[in-house]
Amino acid sequence: MIYHFGLTGYPLGHSLSPIILQTALQSTGQAGDYKLFPMKSEFSLESLLLLLRQGELHGLNVTIPHKQNVLQYVDLLSHTAKMTGAINTLYLRGDQLVGDNTDVSGFLTDLNEKIGGQGIRHSALILGAGGAARAVAIGLLSVGWQVSIAARNFQQAQNTVEALSPWARSGYLQAFPLTMSPIEEIIDQIGLLVNATPAGMSPNILLDPLPAEIHLPQQIALYDLVYNPETTILMKRFQENGKLAFNGLGMLVEQGAQSFELWTGIFVSRSVLWNALSMRRDG
Ligand code: NAP
């Protein structure tokens, strides 16, 4: 069989997904390709999804700005896609077009690899209240963490908390404005800060999403979903204070690998994917 996979979203120019998925194909001995389908508006989404229905595409990843836009076109939603209200992976099962979301387990798997066994308090503060924040919150709530969501638009944080409340135990999910004093009040209770905003991402590498006056408590680690640059301004702040800090590359690798596994049923070695990414970086 020759597999045809792809990615839609906009812009896609700097996407690392082709390296991850092409390496997955090659390293597992599968013939095929992974193409980019840049799409600024949602206007042509339905015709792209027709390629999946017709068997001309065997798997499609979806990124910003279409993770919600594709919801209306699928026949079935996985449990995680339903919970997050977003799709990042599509495939056909029988004659049903399925929308799935591997961001949730991609984040959790990588987080566990990075901080599992470090004794970090299971209480997280997520900065941002968009699609990625939802995926992170759903993942953490599902394994019993307490979650606080802070956004510069407080209403957005409140809406996200309200949407996720069916999956949270009472008192486990709260919204805050992303400003100095409310964050200062809770920061000492936080074991993990997650940046789920694009602040700090190239080209805005000097934009720090956490108010500068916040004093980092003793026991706090950072997971920054941004991975370009590899060390973000917020990661530097944590590292300079002797704290653990990770970027979002591991989540990207995991969600891509898990998409490949859903599409093909074939396991892909994560270390092979990491090697391919580091060769590109060094090359
Ligand atoms: P999104 O739906 O657009 O949400 C972004 C959130 O960040 C919104 O709450 C937004 O608030 C807020 N925000 C934007 N700029 C900000 C700033 N300068 N300061 C404070 N808050 C700000 O985007 P998303 O899909 O959630 O993605 C968020 C980030 O995660 C992106 O950088 C994306 O590349 C990254 N991501 C990484 C992975 C991975 O695998 N590592 C996976 C998914 C996403 P407003 O509405 O007020 O702008």
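All values derive from a computational prediction rather than experimental measurement.

Here the focus is the overall build of the protein chain. The helix and strand tally for the protein chain stands at ten helices and twelve strands. In summary, the protein chain has a C-alpha radius of gyration of 19 Å against a globular reference of 19 Å for 283 residues, a match within 12%. Based on the C-alpha atoms only, the size of the protein chain along its principal axes is roughly 55 × 45 × 35 Å. When burial is assessed residue by residue, the protein chain has 51% of its 283 residues classed as buried. In the protein chain, 67% of the contacts between residues at least 6 apart in sequence involve partners at least 24 apart. Surface accessibility of the protein chain: about 13300 Å² in total, with carbon and sulfur atoms responsible for 51%. For the protein chain, the centre of its 17 positive side-chain charges and the centre of its 22 negative side-chain charges are spaced 1 Å apart.

In terms of residue burial, strand β1 (residues 2–9) counts as a mostly covered element, since six of its eight residues are buried. Judged from the eight bridges that link them, β1 and strand β2 (residues 31–38) form a sheet pairing that is parallel. Counterpart to G6 in the pairing with β2 is K35. As defined by bridge partners, β1 adjoins strand β3 (residues 59–62) across four bridges and the pair is classed as parallel. Bridging across to β3, T8 finds its partner in V62.

Moving on: the site of the ligand. Lining the immediate environment of the ligand, one finds 21 residues, of which A129, A132, R152, Q156 and G248 sit closest. R152 has a polar side-chain atom sitting 2.8 Å from an oxygen atom of the ligand. Out of a free accessible area of 930 Å², the ligand has 77% covered by protein chains. Counting only elements with at least two residues in the shell around the ligand, the list comes to α5 (131–142) and α9 (249–264). Of the residues in the shell around the ligand, the class split is 13 nonpolar, six polar and two charged.

Spatially, the six strands line up as an open sheet ordered β2-β1-β3-β5-β6-β4, and their pairing is mixed. Single-partner strands in this sheet number two, and they are β2 and β4 (76–77). The pairing of β3 with strand β5 (residues 89–93) spans two bridges and is antiparallel. Bridged to N61 within β5 is T89. Against the sheet, helix α1 (residues 17–27) engages β1, β2 and β3, with an angle of about 165° to β2. Here helix α2 (residues 45–53) sits on the sheet in contact with β1, β2, β3, β5 and β6 (96–100), set at roughly 45° to β5.

Within the structure shown, the criterion is met by four aromatic pairs. Between the aromatic rings of F5 and F260, the centroid separation amounts to 6.2 Å while the plane-to-plane angle is 85°, which identifies the pairing as edge-to-face. Taken together, the residues span a long stretch of sequence, with F5 in strand β1 and F260 in helix α9 at a distance of 255 residues. The residues F5 and F260 share a single accessibility class, namely buried. Taken together, a centroid distance of 5.1 Å and an interplanar angle of 80° make the contact between F107 and Y223 edge-to-face. Taken as a pair, F107 in helix α4 (residues 103–115) and Y223 in strand β11 (residues 221–224) lie far apart in primary sequence, 116 residues in all. Overall, Y223 belongs to the buried group, its relative accessible area being 0%. An aromatic cluster is built from Y3, F5, F260 and W263, whose rings are joined through pairwise contacts.

The subject of this paragraph is the packing of α1 against α9. It is at 10 Å that the axes of α1 and α9 come closest, and there the two elements cross at 45°. Classified by the angle their axes make, α1 and α9 are oblique. Seen from above, α1 lies across α9 with right-handed handedness. Along the contact surface, α1 presents S17, I20, L21, A24 and L25, while α9 presents L252, V253, Q255, G256, F260 and W263. Among the residues making up the contact of α1 with α9, the classes are represented as eight nonpolar, three polar and no charged.

Regular strands place their side chains on alternate faces of the sheet. Pairing geometry for β5 and β6, over five bridges, is antiparallel. Looking across to β6, one finds that L92 is bridged to L97. Adjacent in sequence and paired antiparallel, β5 and β6 are bridged by two residues, among which G94 carries a positive phi angle near 65°.

Rules of the game
- Numbers given for residues are sequential positions, taken from 1 along each chain in its written order.
- It should be noted that, the model being predicted, local features are given only for residues of pLDDT at least 70 and side-chain atom pairs only at 80 or more, the latter also being counted only at that level, while totals for whole chains, interfaces and linings use all residues.
- Calculated side-chain values reflect all of the structure's heavy atoms, with hydrogen atoms and water omitted.
- A helix here means a DSSP run of H or I that spans at least four residues, while a strand means a run of E at least two residues long, and both kinds are numbered starting from the N terminus.
- Here the radius of gyration uses the C-alpha set of atoms, whereas the globule reference equals 2.2 Å times the residue count to the power 0.38.
- Summary of the burial criterion: residues with accessible area below 20% of their type's maximum are buried, those above 50% are exposed, and those between are partly exposed, where the area comes from a 1.4 Å probe applied to protein chains only.
- Here a residue-residue contact requires only that any non-hydrogen atoms of the pair lie within 4.5 Å.
- All accessibility values rest on the Shrake-Rupley procedure with a 1.4 Å probe; residue burial counts only the protein chains present in the view.
- By the counting rule applied here, Lys and Arg register as positive and Asp and Glu as negative, while His and the ends of each chain are not counted.
- Throughout, a charge is located at the NZ atom of Lys, the CZ atom of Arg, the CG atom of Asp or the CD atom of Glu.
- By the convention used here, strands pair only if DSSP detects at least 2 bridges between them.
- Here a residue counts as near a molecule or strand whenever at least one of its heavy atoms sits within 4 Å of it.
- The term polar contact refers here to a pair of N or O atoms within 3.5 Å; inside protein, the definition further demands a hydrogen-donor-capable atom paired with an acceptor-capable atom, and it admits residues adjacent in sequence only when both atoms are side-chain atoms.
- Gly is put with the polar residues, along with every residue not named as nonpolar or charged; the nonpolar set is Ala, Val, Leu, Ile, Met, Phe, Trp, Tyr, Cys and Pro, and the charged set is Asp, Glu, Lys and Arg.
- Each axis is a line fitted through C-alpha atoms, taken for helices only over the stretch in contact, and angles between the N-to-C directions span 0 to 180 degrees.
- Here a pair means two rings of Phe, Tyr or Trp (six-membered ring of Trp) with centres within 6.5 Å. Their orientation is stacked below 30 degrees between planes, edge-to-face above 60, and tilted elsewhere.
- Throughout this description, any angle smaller than 35 degrees is read as roughly parallel, any larger than 145 degrees as roughly antiparallel, any in the 65 to 115 degree range as roughly perpendicular, and the remainder as oblique.
- Helix crossings fall into two classes, left-handed where the near helix is turned counterclockwise from the far one by less than a right angle and right-handed where it is turned clockwise.

Everything listed here is a matter of coordinates, which is why it stays silent on function.
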